Amino acid sequence: MTPHFKIAIAATAGLVGGSAAVASQADQKPANAAAVVAEEAPVALLVDMTSGQTLFAKNEDRRFIPASITKVMSAYVAFEMIKSGELDLRQQFTMSPAVATDWYRTGSTMFLEEGEAVEVDLLIKGITSVSANDASAVLAEGAAGSVDQWVNRMNETAASLGMRNSHFGTPNGWPDGGKTFTTARDLELLAKAMISRHPDLYARYFGKEGLRHNGFAQANHDPISGRVDGADGIKTGYTNQAGNGFLGSAAREGARLILVLAAVDDEPTRGNAARQMIEWGFAGYDRQSVFTAGQTIARAQVQNGEASLVGLKTAADVSIAVPIGDTAPRVVSVLYDGPLEAPIRSGERVARLTISGGNMPPANIELYAAEDVAEAGHFTRISNAFESWF
């Protein structure tokens, strides 16, 4: 078993800043505005995606039925296929007789007709803006060969993202006897992957006002886009069994929040809770810049490499959310399983940066190799062995 290495970079009072509250657990009394609002939601999670800090969490690992939030996974699978060249936005798929039998005018719809040829671009717009069940099924069958094969791909993708408490039984979240379930933490992983891996596609399809197709104009039920500064999605969900849920996101001045609410009693309560929690997440914390993208933060030990150390850097600028009035010292550390084994490629994820202290929710940021480290040749290994003896 490899040892767990920890490098203490700093213990400093210089990392200080702002907000009136800490993340609260479900069994604690409400300590802030977010906790009060989240009393209306059996499941709630608010995360600063930029720093990995959990600003609020309540039953974040409890499984629940996502309903139409399931369509976010369908959109993500489509984005992945577009990126790999397996799917093109200009491709056209038609509603087959089999899909029409199950999904013609079933629940939320973009009013597709059997045999109608529709571009992938429009199908994704239908999925993301008006929660179209029919578009989800047409895309699934057209892109994967069958709805079942598409669902298999959804589950394979969930596993690859580390969504260990999620399973999908349909491409759109229609009630399926409990086969489809997820957790707030898993949806956070999905949202983070979609926004970071596909920023252009995310911006193209999410947070839009609505859609008009085949003579029917429909509005998006997203409760924050267009109403909260910086909000750009993501997806609501509702069935009688699931209640009202929401996976949302908003970005301001380099910081991005991800919000999950589930099993809320009614739509107005869900909307109010979503807006207030997002606003609290921005207003309640000062964002403080800590490191810049590309800056070498520390060096990690390397085994059997041409170099004995490798630089560690972040993929982007790093800022942290600090409770207002909290001036406690911050401890900055790097954690990795090591020594790291050569060869190492520049840009490879190899470690994790943690920042903690005071009432600030701990920050966790991925670190990447700043340069290549080739595997050591025979004579270099001998030299390294001699050095280790002395």
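Our subject is the structure that appears above.
Residues numbered from 1 in each chain as written. Predicted model: local features only at pLDDT ≥ 70, side-chain atom pairs only at ≥ 80, totals over all residues. Heavy atoms only, no water.

Enquirer: Describe the overall build of the protein, naming the residues involved and giving the relevant values.
Expert: What the protein contains, in helices and strands, is 10 helices and 18 strands. Within the protein, the proportion of its 390 residues that are buried is 52%. For the protein, long-range pairs separated by at least 24 residues make up 67% of all intrachain contacts whose partners lie at least 6 apart in sequence. For the protein, the exposed surface amounts to about 17300 Å²; the carbon and sulfur share of it is 49%. (Helix = DSSP H or I, 4+ residues; strand = E, 2+ residues; numbered from the N terminus. Buried < 20%, exposed > 50% of the residue type's maximum accessible area, 1.4 Å probe, protein only. Contact = heavy atoms within 4.5 Å. Areas by Shrake-Rupley, 256 points an atom, 1.4 Å probe, with all protein chains shown as cover.)

Enquirer: So, helix H4 (residues 120–130): which residues are in play, and what are the values?
Expert: Of all 11 residues in H4, nine are buried; the element is thus mostly enclosed. Looking only at H4, the buried set comprises Val 120, Asp 121, Leu 123, Ile 124, Gly 126, Ile 127, Thr 128, Ser 129 and Val 130.

Enquirer: Report on the nonpolar core, specifying residues and quantitative values.
Expert: Met 73, Leu 139, Trp 150, Ile 234 and Leu 247 are the most contacted members of the largest nonpolar core, which has 60 residues in total. Here this core takes nine residues from helix H2 (residues 70–84), the largest share from any one element. (Core = buried A, V, L, I, M, F, W, Y, C linked by side-chain atoms within 4.5 Å.)

Enquirer: Give a description of unusual backbone geometry that names residues and reports values.
Expert: In this structure, Ile 234 follows Gly 233 across a cis peptide bond, with omega equal to 20 degrees. Mapped onto the fold, Ile 234 is located in strand E8 (residues 231–239). Cis geometry marks the peptide bond from Ala 342 to Pro 343, where omega comes out at 5 degrees. You can see Pro 343 is positioned in the loop between strand E16 (340–341) and strand E17 (349–356). Of note in this structure, Phe 111 is not a glycine but carries a positive phi near 65 degrees. By secondary structure assignment, the location of Phe 111 is in the loop between helix H3 (97–103) and strand E5 (117–119). Backbone geometry at Glu 253 places phi at a positive 50 degrees, although glycine is not the residue there.

Enquirer: Give me the lowdown on the packing of H2 against helix H6 (residues 147–160), citing residues and values where you can.
Expert: Closest axis-to-axis distance for the H2/H6 pair is 10 Å, and the angle between their directions is 90 degrees. In terms of their interaxial angle, H2 and H6 are classed as roughly perpendicular. In this structure, H2 contributes Thr 70, Met 73, Ser 74, Tyr 76, Val 77, Ala 78 and Met 81 to the contact, and H6 contributes Trp 150, Arg 153, Met 154, Thr 157 and Ala 158. Partitioning the contact of H2 with H6 into residue classes produces eight nonpolar, three polar and one charged. (Axes fitted to C-alpha atoms, helices over the stretch in contact; angles between N-to-C directions. Parallel < 35°, antiparallel > 145°, perpendicular 65-115°, else oblique. Nonpolar A, V, L, I, M, F, W, Y, C, P; charged D, E, K, R; others polar.)

Enquirer: Break down the packing of aromatic side chains for me, with residues and values.
Expert: The relative placement of two aromatic rings is captured by the distance of their centres and the angle of their planes. Per the stated rule, a full pass over the model turns up six aromatic pairs. Measuring from ring centre to ring centre gives 5.4 Å for Tyr 202 and Phe 206, while their planes differ by 25 degrees; the resulting arrangement is stacked. Taking relative accessible area as the criterion, Tyr 202 reaches 3% and is therefore assigned buried. Classification of Phe 206 by relative accessible area gives buried; the value is 3%. What links up through ring pairs into an aromatic cluster is the set Phe 79, Tyr 202, Tyr 205 and Phe 206. (Phe/Tyr/Trp six-rings, centres within 6.5 Å; stacked < 30°, edge-to-face > 60°.)

Enquirer: Tell me about the pattern of salt bridges, and name the residues and values.
Expert: Under the counting rule described, the total for this entry stands at 14 salt bridges. The residue Glu 188 makes a salt bridge to Arg 185 at a minimum N-O spacing of 3.0 Å. Here Glu 188 pairs with Arg 185, and both are found in helix H7 (residues 184–197), just three residues apart, close to one helical turn. With a relative accessible area of 14%, Glu 188 lands in the buried category. Taken together, the salt bridges that share partners define one network made up of Asp 121, Lys 125 and Arg 204. (Salt bridge = Lys/Arg side-chain N within 4 Å of Asp/Glu carboxyl O.)

Enquirer: Which residues make up helix H5 (residues 133–144), and what values do they have?
Expert: Under the 1.5 Å per step criterion, the end-to-end length of H5 is 16 Å for 12 residues, consistent within 8% with the ideal 16 Å. With nine of 12 residues buried, H5 is to be regarded as a mostly interior element. Those residues of H5 lying buried are Asn 133, Asp 134, Ala 135, Ser 136, Ala 137, Val 138, Leu 139, Ala 140 and Ala 144. The inward-facing, buried residues of H5 abut H2, strand E4 (92–94), H3, H4 and H6. In the segment just after H5, Gly 145 is the residue with positive phi, at about 100 degrees. (Expected span 1.5 Å × (residues − 1).)

Enquirer: Lay out the pairing of E17 with the relevant residues and their values.
Expert: Two strands pair when backbone bridges link them, and strand E15 (residues 330–337) and E17 are joined in this way by five bridges, in the antiparallel orientation. Its bridge partner being in E17, Val 331 is matched across the sheet by Ser 356. Bridge analysis of E17 against strand E18 (residues 363–369) gives six bridges, and the strand direction is antiparallel. Bridged to Thr 354 within E18 is Asn 364. Once E17 ends, the chain turns through six residues before running back antiparallel as E18, passing Gly 357 with a positive phi of about 135 degrees. (Pairing = 2+ DSSP bridges.)

Enquirer: Explain the sheet that holds strand E2 (residues 43–48) to me, using residue names and the numbers behind them.
Expert: One open sheet holds the five strands; their spatial order is E3-E2-E10-E9-E8, and the pairing between them is antiparallel. Only two strands of the sheet have a single neighbouring strand rather than two, namely strand E3 (53–58) and E8. Pairs of neighbouring strands in the sheet enclose a mean axial angle of 5 degrees, with direction left out of account. Where E2 lies against E3, five bridges are found, and the strand directions are antiparallel. Note on E3: the bridge partner recorded for Val 47 is Thr 54. Where helix H9 (residues 267–283) meets the sheet, its contacts fall on E2, E3, E8, strand E9 (243–252) and strand E10 (255–264), and the angle it forms with E10 comes to roughly 155 degrees.

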